[in-house]
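This is what each chain is made of:
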Amino acid sequence: MTGLINVVGAAVVDSLETPTRLLAARRTAPPQFAGMWEFPGGKVEVGETAEAALHRELAEELGVEVRLGHELESGNSAGWTLNERAAMRVWFAELTAGEPRPLEDHDELRWMPLDGFDDVLGLPWIPADLPIVQALLDRVSAAA
Ligand SMILES: Nc1nc2c([nH]c(=O)n2[C@H]2C[C@H](O)[C@@H](COP(=O)(O)OP(=O)(O)OP(=O)(O)O)O2)c(=O)[nH]1
């Protein structure tokens, strides 16, 4: 598919082995997404692997280093459909250095418990993210 924008996102959890909390980030821009919650991440740059892009975005946006875990599979190699022009691949990630801070693109970060589904699903996520959050919750609860 030509012209598809490749986005990567991180499901930052407190522990890759036994995740109990997810780090959600509230966007500040553009206007149609400001105030909505998302997976920290961004667009893959030319010549960059998806994983390298994710490490770069997490360093820029949150000031952290992470260890990546499994990809949250969408059944599509491009990832989860965001809109007609963009798709996002999402990996589980665990912090290895730094304390997450909203340095760029976000004005709030929040650790959301993964046992109360209503808590995390109750946030105003970017609508395209809701199936991804649901799949994440399903995967975490299936593994528990
Ligand atoms: N990072 C991220 N982007 C998402 C999510 N859900 C979703 O629809 N998007 C959309 C919003 C944007 O249109 C696009 C990602 O662009 P971005 O603005 O985060 O990318 P970027 O950091 O590389 O920013 P820029 O270079 O374009 O300024 O994907 C999500 O959970 N995380």
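What you are looking at is a predicted structure, and each value in this text was computed from that prediction instead of being measured.

**Here's the deal with the overall build of the protein**
Next, step 1: Within the protein, the secondary structure is distributed over 3 helices and 8 strands.
Next, step 2: Along the first, second and third principal axes, the C-alpha atoms of the protein reach 40 × 30 × 30 Å.
Next, step 3: For the protein, the proportion of its 144 residues judged to be buried stands at 42%.
Next, step 4: Taking as baseline every contact in the protein between residues at least 6 positions apart, the subset at least 24 positions apart corresponds to 67%.
Next, step 5: In the protein, 11 side chains carry a positive charge and 24 a negative one; their mean positions are 2 Å apart.

**Focus on unusual backbone geometry**
Next, step 1: Along the chain, Ala 29 connects to Pro 30 via a cis peptide bond; the corresponding omega equals -10 degrees.
Next, step 2: At Asp 105, a position not held by glycine, the phi torsion is positive, near 75 degrees.
Next, step 3: By secondary structure assignment, the location of Asp 105 is in the loop between strand E7 (86-97) and strand E8 (106-113).

**Some thoughts on helix H3 (residues 130-143)**
Next, step 1: The end-to-end C-alpha separation of H3 is 20 Å, in line with the 20 Å expected for 14 residues at 1.5 Å each.
Next, step 2: Among the residues making up H3, those that are buried are Ile 132, Val 133, Ala 135, Leu 136, Leu 137 and Val 140.
Next, step 3: Residues of H3 that are buried make contact with strand E1 (5-13), strand E2 (21-27), strand E6 (80-83), E7 and helix H2 (117-121).

**Considerations on the confidence of the model for the protein**
Next, step 1: Scored by pLDDT, the protein has a mean of 96; 99% of the residues are at 70 or more.
Next, step 2: Taken together, the chains of this predicted complex give a pTM of 0.96 and an interface ipTM of 0.96.

**Details of the site of the ligand**
Next, step 1: Around the ligand there are 15 residues in total, and Arg 27, Glu 38, Phe 39, Lys 43 and Asp 129 lie nearest to it.
Next, step 2: Separating a nitrogen atom of the ligand from a side-chain N or O atom of Glu 38 is a distance of 3.0 Å.
Next, step 3: Top contributing element to the shell around the ligand by residue count: strand E4 (residues 41-43), with 3 residues.
Next, step 4: Along the lines of polarity and charge, the residues of the shell around the ligand split into 6 nonpolar, 2 polar and 7 charged.

**Here we look at the packing of aromatic side chains**
Next, step 1: Taken as a whole and judged by the stated rule, the model has 1 aromatic pair.
Next, step 2: For the ring pair Phe 39 and Trp 125, a centre distance of 5.2 Å and an interplane angle of 40 degrees mean the geometry is tilted. Pair noted here: Phe 39 is in the loop between strand E3 (37-38) and E4 and Trp 125 is in the loop between H2 and H3, with a separation of 86 residues, a long-range link.
Next, step 3: What makes Trp 125 buried here is its relative accessible area of 5%.

**Focus: the environment of Arg 27**
Next, step 1: By the element assignment, Arg 27 lies in strand E2.
Next, step 2: Through-space distance from the C-alpha of Arg 27 to that of Ala 142 is 29 Å; in sequence the pair is 115 residues apart.
Next, step 3: What Arg 27 contacts, discounting residues up to four positions off in sequence, is Phe 33, Ala 34, Gly 35, Met 36, Glu 38, Asp 105, His 106 and Ile 126.
Next, step 4: From its side chain, Arg 27 meets the backbone oxygen of Ala 29 in a polar contact 2.7 Å long.

The rules behind each value
- Each chain carries its own residue numbering, running from 1 in the direction its sequence is written.
- Under the rules for a predicted model, residues below a pLDDT of 70 receive no local features and side-chain atom pairs below 80 are neither given nor counted, while totals for whole chains, interfaces and linings still include all residues.
- Calculated side-chain values reflect all of the structure's heavy atoms, with hydrogen atoms and water omitted.
- Strands are runs of DSSP state E lasting at least 2 residues, helices are runs of H or I lasting at least 4, and numbering of each runs from the N terminus.
- Burial classes: relative accessible area under 20% of the type maximum marks a residue as buried, over 50% as exposed, and values in between as partly exposed (1.4 Å probe, protein chains only).
- We call two residues contacting when some pair of their heavy atoms lies within 4.5 Å.
- In summary, the charge assignment counts Lys and Arg as positive and Asp and Glu as negative, without counting His or the chain termini.
- By convention, the charge on Lys lies at NZ, on Arg at CZ, on Asp at CG and on Glu at CD.
- A helix is expected to span 1.5 Å for every residue after the first.
- pLDDT gives the predictor's per-residue confidence on a scale running from 0 to 100.
- Proximity is defined per residue: any heavy atom of the residue falling within 4 Å of a molecule or strand makes that residue near it.
- In protein, a polar contact requires one atom able to donate a hydrogen and another able to accept it; more generally it is a pair of N or O atoms within 3.5 Å, and residues adjacent in sequence count only if both atoms are side-chain atoms.
- Amino acid classes used here: Ala, Val, Leu, Ile, Met, Phe, Trp, Tyr, Cys and Pro are nonpolar; Asp, Glu, Lys and Arg are charged; the rest, including Gly, are polar.
- Note on aromatic pairs: the rings of Phe, Tyr and Trp (six-membered ring only in Trp) are paired at centre separations within 6.5 Å, and the planes decide the class, stacked below 30 degrees, edge-to-face beyond 60, tilted for the rest.

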